[in-house]
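# Close look at the chain arrangement
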Amino acid sequence: RACSAPLRVANMLAHSCVRAGGRAPFLLRHMARGAAPHLRRQLHFQPDVGVETAHHKPSVAKGPWTRSPRKMIVSARSLAEESSAASAPKRIRAITMDITGTAIAFTGRLGEWYALSAKRCGIACPPELVTKIEYGFHRAYKETTEAYPCFGGEELSSKDWWRKCVQLSFQYSGAQMTDEQAERLFQRIYSLFGSHSTYEAFPDALPFLRWANRNKLALGVISNADERYGDAILPMLDLADDFSFFCFSKEIGHQKPEKPIFDAALRAANATLPVLFQNEEDETGSSASEPLEPAQMLHIGNDFTKDFQGARNAGMHAILLNRFHEEDHARAWRSEGAIVLNDLLDVVEWLGRSHVRLG
């Protein structure tokens, strides 16, 4: 891709960010500034449900990919100062991440994608139906989740779960179609939401993952999602290879903020570390075979209840990302003791300034 060369340079800069006193992330942002546009979107509901509603904010953004280096330094320092009251971990050996809204973003607006798919199937879909579809989806998603938790668990396949949810969304919207059209429409939508058309990675995601691997950190996913993220979406976005384990609510049978899904991640990380870094010791003589403790894990997400409280209740550290600059939410989260940063590069900066031992 056109942005690959600048990001390769950014990767090299990130490699020494902690030893350089945490300044490499600012250089990384500056190098990546012209590589890819910052994804600034306002999510309409929870960010890790598999399919989301979003709309683009104005293109004249003042996000981290358009700030000058001086402003970026001031911004990250102020973020660090705001979070200084929160206790930093002494050592981190594993990092887990939420996916949508943290590492990747949904592109476009759900109602418009659904309406376009309906038109392609010969179903009348006037402009006013877009909002009705989104309302119908909210209702259908809630009802389907209550009836079949964890995307159907062992009772339904994830595809059958989404079939019920999508078809119910159109039913609540008032759209008229035959059973044959309804099935064709679902198949089109299901394929669409596993494609490049609807998802893209945040520009800082891959550099962050590469930085974590170079620092001998086990990387995993904890997400309220089905297995398609691990099977198709993350590989499609070139992010899957840098993760060592995946904990999806569909496969675990529990969802955030429930403790069992975080416990599953701890077990997976404990199984992963000795394999990844076999026979390696750090400067203190510590080995990767030493049992990983919850307090040595950091979870990164963007939902206070699911990600922050869920991780903390499991004994882990947590950081929330305010990707879309929703300052009211960020202030509320900080008032409850959460560390809130803008992006993954700020996470690297914060760990460096907090003198956290890695690996």
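Preceding this section is the structure that the text describes.
Not measured: the values here are computed from a predicted model.

How each quantity is defined
- Residues numbered from 1 in each chain as written.
- Predicted model: local features only at pLDDT ≥ 70, side-chain atom pairs only at ≥ 80, totals over all residues.
- Heavy atoms only, no water.
- Helix = DSSP H or I, 4+ residues; strand = E, 2+ residues; numbered from the N terminus.
- Polar contact = N/O pair within 3.5 Å; in protein donor to acceptor, adjacent residues only side chain to side chain.
- Buried < 20%, exposed > 50% of the residue type's maximum accessible area, 1.4 Å probe, protein only.
- Pairing = 2+ DSSP bridges.
- Right-handed = clockwise from strand over helix to strand, strands pointing away.

Attention now goes to the side chain of Arg 323. As for its placement among the helices and strands, Arg 323 is situated in the loop between strand E10 (317–321) and helix H13 (327–335). Polar contacts involving the side chain of Arg 323 include one to the side chain of Asp 204, which spans 3.0 Å.

Okay, unusual backbone geometry next. Note the cis peptide between Lys 256 and Pro 257, where omega equals 10°. Within the secondary structure, Pro 257 is located in the loop between helix H10 (249–252) and helix H11 (259–276). Positioned with a positive phi, Cys 150 is a non-glycine residue whose angle comes to about 55°. Summarising the element assignment, Cys 150 is placed in the loop between helix H5 (129–147) and helix H6 (158–173). With a relative accessible area of 6%, Cys 150 lands in the buried category.

In this section: the pairing of strand E7 (residues 218–223). Regular strands place their side chains on alternate faces of the sheet. Along E7, six of the six residues are buried, which leaves the element largely enclosed by surrounding structure. Of the two faces of E7, both are covered, the one formed by Ala 218, Gly 220 and Ile 222 as well as the one formed by Leu 219, Val 221 and Ser 223. Where strand E4 (residues 94–97) and E7 come together, four bridges link them in parallel fashion. Across the sheet, the residue bridging to Ala 94 is Ala 218, located in E7. Taken together, E7, helix H9 (residues 228–236) and strand E8 (residues 245–248) constitute a β-α-β crossover, and its handedness is right-handed.

A word on the sheet that holds E7. As summarised here, the arrangement of the six strands in space is E8-E7-E4-E9-E10-E11, forming an open sheet in which the pairing is parallel. Every interior strand has two partners, whereas the edge strands, E8 and strand E11 (340–341), have only one. Inspection of the sheet shows strand E9 (residues 297–301) paired to E10 by four bridges, in the parallel sense. Within the sheet, the bridge partner assigned to Gly 301 lies in E10 and is Leu 320.

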